[in-house]
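Below, each chain spelled out in residue letters.
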Amino acid sequence: MRNENEQEKLTPEDFERVTIDAHHSERIEKPSLSFWQDAWLGLRKNKAAIVSMVVLLLVILMALIGPHLNGHAGDTQNLRHANLPPKIPGIEATGFFDGDGKLAGKKVDLYEMKKVDEYYWFGTDGLGRDLFTRLWEGTRVSLFIAFVAAAIDMVIGVAYGGISGYFGGRTDDIMQRIVEILIGIPTLIVVILMIMIMDPGITAIIVAITITGWIGMSRIVRAQTLKYKSQEFVLASRTLGAKDGKIITKHLLPNMLGIIIINTMFTIPNAIFFEAFLSFIGIGLQPPAASLGTLINDGYKVMENQPYVLLFPAIVISVLMIAFNLIGDGLRDALDPKMKD
Amino acid sequence: MSENLIEVRNLKQYFNAGKSTEVRAIDDISFAIKRGETFGLVGESGCGKSTTGRTMIRLYDATAGQVLYNGVDVHAPKSKKENHALNRKMQMIFQDPYASLNPRMKVLDIIAEGLDIHGLVKGKTERKQRVIDLLETVGLNREHAERYPHEFSGGQRQRIGIARALAVDPEFIIADEPISALDVSIQAQVVNLLKELQEEKGLTYLFIAHDLSMVKYISDRIGVMYFGKLVEMAPADELYRNPMHAYTKSLLSAIPLPDPIYERSRVRHPYNPKDHQYGSDEKVEFREVAPEHFVLCSEKEFAEMQAARV
């Protein structure tokens, strides 16, 4: 009853007319973010990817400046200084990296015994070469091979897949049959044949990796092109009279860039691994050139007596592989949320 | 008013022609659209409505037949300049507002794409001003120019699509199911916008849809398609008042009304193409049964329909 009484007291003056401003309802409050800004926000939240990026930058930095840090050259042989264990100034007092090694089962300071005054931070190999310098030189070579191979893979793969997908029809048929033939041949056979005709070295390995490496990228790009070329925004562009080149550069490539980057991020560690594998089985780089693969191969031979020869390159290659994969993973989540499992 | 802007003559569009997988998406259809009118095209999914629109604007090359725009055959080989001019006159609005805008481009660049291709503006300030004008024409704000498509709702996106089509000052717009992906409340918004624009700029529309009540609302004349063929064509009111082809009757019997008494008594007429029982020697043609009212029928049916009219 009270409610009714109160309602009766309301007069028209108690009401105020509220109008909706159509202009207002169309407003968007959220700040405008481009695709890349949005992706960066996503990537920033991924701690593993950020840590990996920092670690990767450190490794790249070391690969660039590491060989010049301790004054030893990577290819100077000094048999008097052969097989020295790691010795680092400052840390030696703690008992680690103090130059102690085992000789006939007993622990002795090999540096003192051989009367070596210099420090070899990561020790030396059987020819007396400084392993620290060689490690970073090897890392540099491995990274170089990986980046170049990934870049070539990307260029060939994007071009091949793009042409095949965009023009379609008979062009696509022929190009895809060629790919199928290429993929039918075991990669290792192609690589061994390539290395037999070419001089072993960085170029030969890059050619060997790229000769079949672009196929994965081309297939992804072809699938993406097929997907996007029939999208309505591409049709709209065509009804406006846009030329093929414009459609490819303004509509197709920007939309595929995320996936291309992700795929490249996964190609790089594969290339590092493949190069290491080739060097390890002995058809990769030839001495005295160093790469992570050849260093691991050297270390593996003396694993029991001088484990440090194997240890450091193994750590570096593992860190590289993990870092690249985590960055790739983070990028995939940030750039292409739909691809998440 | 009686001048035909667009004339479609015996248009055919076969996919995989000559193979076992041949699809006759459009099978010999003819119609004309007068300047300033809205021609509605209805039919069930997959009957060739969208293909008709896309073939008319040359997204597909026609298998046979002609599309005459102002007397010029659209599909005939032309010089670059003529092609360019034609691209400006004919534009299209797409069905899916989520797929029709490039997610990597700002609204400014999306709308200005046509301006850039045809070199309609000089300098950045003029370009931006033109885009803002267009945005305001379709009821959006100038601030929207700097945003990306994913920040907009479906209705807003569709209006951006309309602004993009309007940018090149077209005379003829093919609206390929522009409202079927939208919420009902937004549908009216977009349809009313299209109507206003038509009055303002004297546009001619080909309105493709499957929502019959909406088509009736916007169209002056309606064509009904079934399996790649135009089965009936008449002025909108005439078609709804007096459907002659069995398929049209079936379609109209399927329209629900928010009226429970009517709904309870509504009888749906299923359509079976075999009911016609055309003989092998009968010529099934598009015939004018009443003035301006065309039906796909045989000689015998034609006589029956004429008799029923009188």
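Scroll up a little and you will see the structure.
In this text, all values refer to a predicted model and were calculated from it rather than measured experimentally. (Residues numbered from 1 in each chain as written. Chains lettered and ligands numbered in written order. Predicted model: local features only at pLDDT ≥ 70, side-chain atom pairs only at ≥ 80, totals over all residues. Heavy atoms only, no water.)

A. Spatial organisation of the overall build of chain A. Secondary structure summary: chain A contains 13 helices and two strands in total. The buried share of chain A, taken over its 341 residues, is 43%. Excluding contacts between residues fewer than 6 apart, the proportion of contacts in chain A whose partners are at least 24 apart in sequence is 74%. Surface summary for chain A: the accessible area is close to 18800 Å², and the carbon and sulfur share equals 63%. (Helix = DSSP H or I, 4+ residues; strand = E, 2+ residues; numbered from the N terminus. Buried < 20%, exposed > 50% of the residue type's maximum accessible area, 1.4 Å probe, protein only. Contact = heavy atoms within 4.5 Å. Areas by Shrake-Rupley, 256 points an atom, 1.4 Å probe, with all protein chains shown as cover.)

B. Representation of the packing of aromatic side chains. One pass over the full model with this rule turns up 14 aromatic pairs over all chains. Consider the rings of Phe147 of chain A and Phe324 of chain A, whose centres lie 6.1 Å apart with planes at 70°: the pair is edge-to-face. With Phe147 of chain A in helix α6 (residues 131-167) and Phe324 of chain A in helix α13 (residues 307-335), this residue pair connects regions lying 177 residues apart in the sequence. Residue classification places Phe324 of chain A among the buried residues on the basis of a relative accessible area of 1%. Connected via pairs of aromatic rings, a cluster forms that spans Tyr226, Phe227, Tyr247 and Tyr271 of chain B. Against the face of Tyr217 of chain B rests Lys195 of chain B, its NZ or CZ located 4.2 Å from the ring centre. (Phe/Tyr/Trp six-rings, centres within 6.5 Å; stacked < 30°, edge-to-face > 60°. Lys NZ or Arg CZ within 6 Å of the ring centre and 35° of its normal.)

C. The arrangement of the pairing of strand β3 (residues 38-43) of chain B in detail. Residues and elements named next belong to chain B. Of all six residues in β3, six are buried, a share of seventy percent or more. By the alternation rule, side chains of β3 split into Thr38, Gly40 and Val42 and Phe39, Leu41 and Gly43, which are all buried. As defined by bridge partners, β3 adjoins strand β8 (residues 204-208) across four bridges and the pair is classed as parallel. Residue pairing in the sheet places Phe39 in a bridge with Leu206 of β8. Relative to strand β9 (residues 221-226), β3 is paired through five bridges, and the arrangement is parallel. Bridged to Val42 within β9 is Val224. (Pairing = 2+ DSSP bridges.)

D. Here's a closer look at the sheet that holds strand β7 (residues 172-176) of chain B. Residue and element names in this part refer to chain B. Strand order across the open sheet formed by eight strands is β6-β7-β8-β3-β9-β10-β12-β11, with mixed pairing between neighbours. Strand pairing shows two members of the sheet lacking a second neighbour, β6 (90-93) and β11 (285-290), which therefore form its edges. The sheet shows a mean angle of 20° between the axes of neighbouring strands, taken without regard to direction. Docked against the sheet, helix α2 (residues 80-89) engages β6 and β7, running at close to 45° with respect to β6. (Axes fitted to C-alpha atoms, helices over the stretch in contact; angles between N-to-C directions.)

E. Here's a closer look at the sheet that holds strand β1 (residues 4-15) of chain B. All names here are of chain B. With antiparallel pairing, the four strands of this open sheet are ordered in space as β2-β1-β4-β5. Either end of the sheet is taken by a strand with one partner, and the two such strands are β2 (23-34) and β5 (72-73). Bridge analysis of β1 against β2 gives nine bridges, and the strand direction is antiparallel. If you follow Tyr14 over to β2, its bridge partner there is Arg24. Where helix α1 (residues 49-56) meets the sheet, it contacts β1, β2 and β4 (64-69), and its direction lies at approximately 65° from that of β2.

F. How the structure looks around the pattern of salt bridges. Residue and element names in this part refer to chain B. One pass over the full model with this rule turns up 22 salt bridges over all chains. The shortest N-O distance in the salt bridge between Arg24 and Glu22 comes to 3.1 Å. You can call Arg24 partly exposed: its relative accessible area is 45%. On the basis of relative accessible area, Glu22 is assigned to the partly exposed category, the value being 28%. The shortest N-O distance in the salt bridge between Asp169 and Arg130 comes to 3.7 Å. Taken together, the residues span a long stretch of sequence, with Asp169 in the loop between α5 (154-166) and β7 and Arg130 in helix α4 (residues 124-137) at a distance of 39 residues. Asp169 gets classed as partly exposed once you look at its relative accessible area, which sits at 46%. (Salt bridge = Lys/Arg side-chain N within 4 Å of Asp/Glu carboxyl O.)

G. Representation of the packing of helix α3 (residues 107-117) of chain B against α4 of chain B. Residue and element names in this part refer to chain B. Running from N to C, α3 and α4 cross one another at 110°; their axes reach a closest spacing of 10 Å. The angle between α3 and α4 places the two elements in the roughly perpendicular class. Two secondary-structure elements touch here, α3 through Val107, Leu108, Asp109, Ile111, Ala112, Leu115 and Asp116 and α4 through Arg127, Lys128, Arg130, Val131, Leu134 and Leu135. In the contact of α3 with α4, the residues fall into eight nonpolar, no polar and five charged. (Parallel < 35°, antiparallel > 145°, perpendicular 65-115°, else oblique. Nonpolar A, V, L, I, M, F, W, Y, C, P; charged D, E, K, R; others polar.)

H. Representation of α6 of chain A in the model. Taking 1.5 Å as the rise per residue, α6 of chain A with 37 residues should run 54 Å; its terminal C-alpha atoms sit 53 Å apart, in good agreement. With its phi angle positive at about 60°, Gly168 of chain A sits one or two positions after the end of α6 of chain A. (Expected span 1.5 Å × (residues − 1).)

I. Representation of the packing of helix α8 (residues 187-197) of chain A against helix α9 (residues 202-229) of chain A. All names here are of chain A. Direction vectors running N to C along α8 and α9 enclose 150°, while the axes themselves pass 9 Å from each other. By crossing handedness, the relation of α8 to α9 is classed as right-handed. In this structure, α8 uses Thr187, Val190, Val191, Met194 and Ile195 to contact α9, whose residues at the interface are Ala204, Val207, Ala208, Ile211 and Thr212. (Left-handed = near helix turned anticlockwise from the far one by under 90°.)

J. Just a nonpolar patch on the surface, in detail. Residues and elements named next belong to chain A. Judged by side-chain polarity, Ile181, Ile185, Leu188, Ile189, Ile192, Leu193, Met196, Phe277, Phe280, Ile281, Tyr300 and Met303 come together as a nonpolar surface patch covering roughly 1100 Å² of accessible area. Secondary structure elements with two or more residues in the nonpolar patch: α8 and α11 (244-280). With five residues, the top contributor of residues to the nonpolar patch is α8. Checked against the element boundaries, Leu193 lands in helix α8. (Patch = residues over 30% accessible without salt bridge, like charges linked within 9 Å, V, L, I, M, F, W, Y side chains within 5 Å.)

K. Main features of the interface of chain B and chain A. Between chain B and chain A, the residue contacts involve 38 residues of the former and 25 residues of the latter. Interface area, chain B with chain A, both sides summed: about 2900 Å², of which 52% is carbon and sulfur. In this structure, the salt-bridge partner of Arg54 of chain B is Glu232 of chain A, at a minimum N-O distance of 3.8 Å. Here chain B and chain A share ten residue pairs in polar contact (both at pLDDT 80 or more) between them. Put simply, the parts of the chain that give the side of chain B that touches chain A at least two residues each are α2, β6, α3 and α5 of chain B. In terms of residue class, the side of chain B that touches chain A is built from 14 nonpolar, 13 polar and eleven charged. (Buried area = accessible area lost by both parts, 1.4 Å probe. Polar contact = N/O pair within 3.5 Å; in protein donor to acceptor, adjacent residues only side chain to side chain.)

L. Just unusual backbone geometry, in detail. All names here are of chain B. Of note, Asn10 is a non-glycine position whose phi angle comes to about 45°, a positive value. Topologically, Asn10 is positioned in strand β1. With a phi close to 55°, Asn70 is a non-glycine residue in the positive phi region. Among the structural elements, Asn70 can be located in the loop between β4 and β5. Looking at Asn70, the relative accessible area reads 36%, which means it is partly exposed.

M. Highlighting α3 of chain B. Residues and elements named next belong to chain B. Buried residues dominate α3, accounting for nine of its eleven residues. Taken as a whole, α3 has its buried residues at Val107, Leu108, Ile110, Ile111, Ala112, Glu113, Gly114, Leu115 and Ile117. Downstream of α3 by a residue or two, Gly119 has a phi angle that is positive, lying close to 60°.

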